[in-house]
Structure formats: C-alpha cells, structure tokens
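A look at the structure
Take a look at the letters that make up each chain.
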Amino acid sequence: MGKSLRSIITIPCEGDELLATIDGPADARIGWLFVVGGSQTRVGPHRLYERLAYRLAEAGHAVLRFDRRGIGDSEGQDQGYLGSARDINAAAKALRNNFTKLDQLFAFGLCDGASAIALHGEPLALTGAVLANPWVVEPQGDLPPAAAIRGHYRRRILDPRAWWRLLSGGVNFHKLARGIANSGKRADDHLIRRFTAGLPPRSRIVLAEGDGTAQAFASAWKNLAAGERPAADMVRIPTTSHSFADPAAFEALADALLGAVIPPR
C-alpha cells in the first residue's frame, strides 16, 4: 500500500472552483466520493466526513469530499441538492484523476446528500453507495414529515416528563393539534419514487432509528409496493442523532461503509 496523503485541491465546475479534500494512498484501488448534505461543509457535522475519510484512508481507500458551489470554501451560487449534478460529476472526475488506479467507486451521502447521489449518480458508474438517512419527504409547511411526528409522539407518550408538561400547562395546544392532524397525512411520494428509480447498484441504506428524517424515509419506503422497492441492504443504528454523533453510532456507520466494499482480488 502506498503512502497515505491528505491535501486540498480545487475542482473546476462551470467557471467556478470547488474546494475539496482528498485522503488516501496514491495507489488506492477503492475510491469514495462524499456528497455533503444541506449547507454542511466537507468537514461535516461533528467532523463526521473528516473522521470517516480518515478511517477509510487508514484501510487503504481514497476519499474525496467537497463543498458544492456556494457552500463553505467553494465559489458560485448554491443550487441545492436538486441542482448539484454538475458539482457531483466534477468531483467524481477529480477523484479519478487524482487516484488513477481505482477500479471501484463508491459514494457516501447523508440526508439530502444521500438523495443527491440517487438522483444524479447514474453517469458516475458507481460500484455501490452508502446512503444515510436519505431525505425523501418534504415537510408540510413548518411541520416535519408525518412519520417523524408519529415517532415523536410515540416517544413522548412513554416519557413521564412530557405528561407533567401537559398537565402543568407547558404545552402549546395549537401546535399539538396541528401536529396530531398532520401525523395522519400520507406523504407525497414523488421524491421517494425518483430516489428508488436512481438507486445505485449495491446500495446500503443506513438509518438512525430515532431520527425523524430516517423515520420519514422508512415510512415512505414501506408505502411503496413490493415490486417498486429495488434491492438494497438496510442497516439500522440505534441512535437519535441524525449525524451519528455518539461514539457507538459513529463506529457502526464507519463499519457500514467499510463493509460495503468488494475486497480487491
């Protein structure tokens, strides 16, 4: 195995420059493209992407994580995850240019970064992908998805402190009523159908069991007809942290990434 490296590079993208960090040995045969979600930078919440990249590089893999246009250190206007296809394609090209011996390419994304991989990943010819807490249900107004509301109330019913707040007048009844009314609604399935149509081969979907986005995904996935759900490996991690911040959840997520690869011959 060659010497591992970490460096900052720039990536041209439609007249703008993306800033990216690469990790791993120059002769790596397995590569990872990290697609960041929301307005997070390539470091990630609780340094999630940086820590995962270090773990993968230790195993001899190459990793590229980048700030899309308009986010973090990159130039341009943020197009959001729905408009990030060209950013992702440019980053994948840079990964291959910097690690010329790759024969496997995987992608990892969290939240709408995971969704972006499914929506825009077809031209990348991915070997596989690990998609954590994919964003497939848009909220209704200022309320979270219905499945997340149901999960929240199930937890609250079992919490004695919640009953005390209710009985002592510490609950906003207007918001409570809106939440209960919204919890019975069926979510718009447009985005989950686009997600499943573009799901890369050998996909592994990782869900934080107590996270609202993960619960919304699980409900939308379950509501699809059996024939509409493509083959995917489901991994559930017992945490309420959307970004797998607690040590046990982080280790489980790192294991999910390492376990997704095909051992080189």
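Every value quoted in this text rests on a predicted model; they were computed, and no experiment measured them. (Residues numbered from 1 in each chain as written. Predicted model: local features only at pLDDT ≥ 70, side-chain atom pairs only at ≥ 80, totals over all residues. Heavy atoms only, no water.)

Here's the deal with the pairing of strand E8 (residues 233–237)
Worth spelling out the cut-off: For two strands to be treated as a pair, DSSP must find at least two bridges joining them. By definition, any uninterrupted DSSP run of H or I lasting at least four residues is a helix, any uninterrupted run of E lasting at least two residues is a strand, and each is numbered from the N terminus. Crossovers are described as right-handed under a simple rule: with the strands pointing away from the observer, the path leading from the first strand over the helix to the second runs clockwise.
Sheet topology note: the strand E7 (residues 203–208)/E8 ladder contains five bridges and is parallel. Paired with Ile-205 across the strands is Met-234, a residue of E8. The parallel pair E7 and E8, bridged by helix H8 (residues 212–223), forms a crossover whose chirality is right-handed.

Considering the packing of helix H1 (residues 48–58) against helix H9 (residues 247–258)
Heads up, the rule is: Simply put, an axis is a line fit to the C-alpha atoms, just over the touching stretch for a helix, and the angle between two N-to-C directions goes from 0 to 180 degrees. Angle categories are assigned with fixed cut-offs, so that under 35 degrees is roughly parallel, over 145 is roughly antiparallel, 65 to 115 is roughly perpendicular, and the rest are oblique. If you view the pair so one helix is near and one far, a crossing is left-handed when the near helix is turned anticlockwise from the far one by less than a right angle, and right-handed when it is turned clockwise. Residues count as neighbours in contact if any of their non-hydrogen atoms are within 4.5 Å of one another. For this classification, Asp, Glu, Lys and Arg are treated as charged, while Ala, Val, Leu, Ile, Met, Phe, Trp, Tyr, Cys and Pro are nonpolar and the rest, including Gly, are polar.
Following both chains from N to C, one finds H1 and H9 inclined at 50°, their axes separated by 11 Å at the closest point. Relative to H9, H1 is oriented oblique. Considering how the two elements wind past one another, H1 and H9 form a crossing that is right-handed. Across the interface between the two elements, Leu-48, Arg-51, Leu-52, Arg-55 and Leu-56 from H1 touch Phe-250, Glu-251, Leu-253, Ala-254, Leu-257 and Leu-258 from H9. For the contact of H1 with H9, a count of residues per class yields eight nonpolar, no polar and three charged.

Quick look at helix H2 (residues 85–98)
Which entries qualify depends on this criterion: Take the number of residues in a helix, subtract one, and multiply by 1.5 Å to get its expected span. Working definition: with a 1.4 Å probe on protein chains only, accessible area under 20% of the residue-type maximum means buried, over 50% means exposed, and in between means partly exposed.
Given a rise of 1.5 Å per residue, 14 residues ought to cover 20 Å, and the 20 Å separating the end C-alpha atoms of H2 matches this to within 8%. Every buried residue of H2 is accounted for by Asp-87, Ile-88, Ala-90, Ala-91, Ala-92, Ala-94 and Leu-95.

Examining empty space enclosed by the protein
What counts, and what does not: Lining residues are those with an atom within 4 Å of a point, where the points come from a 1 Å grid over the protein atoms alone and group into cavities, where a 1.4 Å probe fits but cannot get out, or pockets, open sets with protein on both sides within 12 Å along at least five of seven lines. Grid points are joined across faces, edges and corners, and a volume is the space filled by probe spheres set on the points.
For the structure on display, the rule yields one cavity of 30 Å³ or more. Considered as a void within the structure, the largest cavity measures approximately 60 Å³ in volume. Lining of the largest cavity is provided by Val-35, Val-36, Phe-66, Arg-68, Tyr-81, Ser-84, Ile-88, Asp-112, Gly-113 and Ala-116. A per-element tally of the lining of the largest cavity places helix H3 (residues 112–120) first, with three residues.

Let's talk about the nonpolar core
Nonpolar side chains in soluble globular proteins generally cluster together in the buried interior. Keep this limit in mind: Throughout this description, the term nonpolar core refers to a set of buried Ala, Val, Leu, Ile, Met, Phe, Trp, Tyr and Cys residues connected via side-chain atoms within 4.5 Å.
The biggest cluster of nonpolar side chains holds 46 residues, and the ones touching the most others in it are Ile-11, Leu-33, Leu-64, Phe-66 and Phe-195. The element best represented in this core is H2, accounting for six residues. Excluding anything up to four places from it in sequence, Leu-64 contacts Ile-9, Ile-11, Ala-20, Thr-21, Ile-22, Trp-32, Leu-33, Phe-34, Ala-91, Ala-94 and Leu-95. Counting 28 residues, the second-largest nonpolar core is a separate cluster that includes Trp-32, Leu-56, Leu-110 and Cys-111.

Let's talk about the pattern of salt bridges
Applied cut-off: Here, a salt bridge means any side-chain nitrogen of Lys or Arg that lies within 4 Å of a carboxyl oxygen of Asp or Glu.
Taken as a whole and judged by the stated rule, the model has 15 salt bridges. Close ionic contact of Asp-73 with Arg-42 constitutes a salt bridge, the shortest N to O distance being 3.2 Å. Taken together, the residues Asp-73 in the loop between strand E4 (62–66) and H2 and Arg-42 in the loop between strand E3 (30–35) and H1 connect sequence positions 31 residues apart. The shortest N-O distance in the salt bridge between Glu-50 and Arg-47 comes to 2.7 Å. A relative accessible area of 46% places Arg-47 in the partly exposed class.

Quick notes on H9
As a reminder of what qualifies: For this quantity, the arc is that covered by the directions from the helix axis to the C-beta atoms.
With 12 residues, H9 ought to run about 16 Å at 1.5 Å a step, and its terminal C-alpha atoms sit 17 Å apart, in line with that. For H9, the set of buried residues is Ala-249, Phe-250, Leu-253, Ala-254, Ala-256 and Leu-257. Looking straight down H9, one finds its buried side chains confined to an arc of 155°; they lie on one side. The outward face of H9, more than 90 degrees from its buried face, is lined by the exposed residues Pro-247 and Ala-248. Next to the buried residues of H9 lie E3, H1, strand E5 (104–110), strand E6 (128–132), E7 and E8.

Structural notes on the environment of Trp-135
Relative to the assigned elements, Trp-135 resides in the loop between E6 and helix H4 (146–157). Sequence separation between Trp-135 and Ala-114 is 21 residues; the distance between their C-alpha atoms is 7.3 Å. Not counting residues within four places of it along the chain, the set of residues in contact with Trp-135 comprises Tyr-81, Cys-111, Asp-112, Ser-115, Leu-191 and Thr-213.

Quick notes on the pairing of E6
The element E6 is largely enclosed, with a buried count of five among its five residues. Judged from the five bridges that link them, E5 and E6 form a sheet pairing that is parallel. Among the inter-strand pairings, Phe-108 is bridged to a residue of E6, identified as Val-130. Tracing the backbone out of E5, into H3 and back to the parallel element E6 gives a crossover that is right-handed.

Here's the deal with the environment of Gly-83
Looking at the element boundaries, Gly-83 is found in the loop between E4 and H2. The exposure class of Gly-83 is partly exposed, given its relative accessible area of 29%. Spatially, the C-alpha atoms of Gly-83 and Ala-116 are 8.7 Å apart, while their sequence positions differ by 33 residues. For Gly-83, the residues in contact, after removing those within four places along its chain, are Arg-69 and His-120.

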